[in-house]
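Secondary and tertiary structure notes
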Amino acid sequence: MLLTPRRIAATTLAAALALPVGIAAAGEISGSRLPFSIATSGSQEDGNRWSGPGSNRVRACGDVPTSDLKTFSAYVYQDRSLLPDPQIASTSRNYSSGYGCGAYKSTSTGNKYYTKATWAGVPGSRAYGFVAAEN
């Protein structure tokens, strides 16, 4: 197969576009993503509960794709029946900082976990952010 400049450019572009998606989603725990609108400030707990990952560790991550300097926080909590839910992991970031995560914390595969987000509002903004858990 002859590699013409057009084929080389198309292959390079496809690889460049696919790489960030694969990296960002590689360690995300299924069911942990919680999207939110920053048009008004708020706090939200994800209704999805997921089992502790087999890696026995988790970290809170998130992103809000704007250049504003306001902040959001991402949390991972352990779901406990009849007891207060302990916070397992967290991170706080400026919207302008881009995607990022906090430190890894220990989990157990026998427990259930969920994500929570708090964020500052940017009136009139149409941007959406998200928080998620990674293993």
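This is a predicted model, so every value here is computed, not measured.

With that settled, the discussion passes to unusual backbone geometry. The phi dihedral of Asn-56 falls on the positive side, at around 60°, and the residue is not glycine. One can find Asn-56 in the loop between β3 (50-51) and β4 (57-63). For Asn-56, a relative accessible area of 38% translates into the label partly exposed. Positive phi, normally seen in glycine, also occurs at Leu-82, with a value near 65°. Mapped onto the elements of the fold, Leu-82 is located in the loop between β5 (71-79) and β6 (87-94).

One finds Phe-36, Ile-38 and Val-76 to be the most contacted residues of the largest nonpolar core, which totals 21 residues. Listed by contribution, the elements that provide at least two residues to this core are β1 (34-37), β4, β5, β6, β9 (112-119) and β10 (128-134). Residue contacts for Val-76: discarding those within four places in its chain leaves Trp-50, Val-58, Arg-59, Ala-60, Pro-86, Gln-87, Ile-88, Ala-89, Tyr-113, Tyr-114, Thr-115 and Ala-133.

Reading the values: rules and limits
- Residues numbered from 1 in each chain as written.
- Predicted model: local features only at pLDDT ≥ 70, side-chain atom pairs only at ≥ 80, totals over all residues.
- Heavy atoms only, no water.
- Helix = DSSP H or I, 4+ residues; strand = E, 2+ residues; numbered from the N terminus.
- Buried < 20%, exposed > 50% of the residue type's maximum accessible area, 1.4 Å probe, protein only.
- Core = buried A, V, L, I, M, F, W, Y, C linked by side-chain atoms within 4.5 Å.
- Contact = heavy atoms within 4.5 Å.

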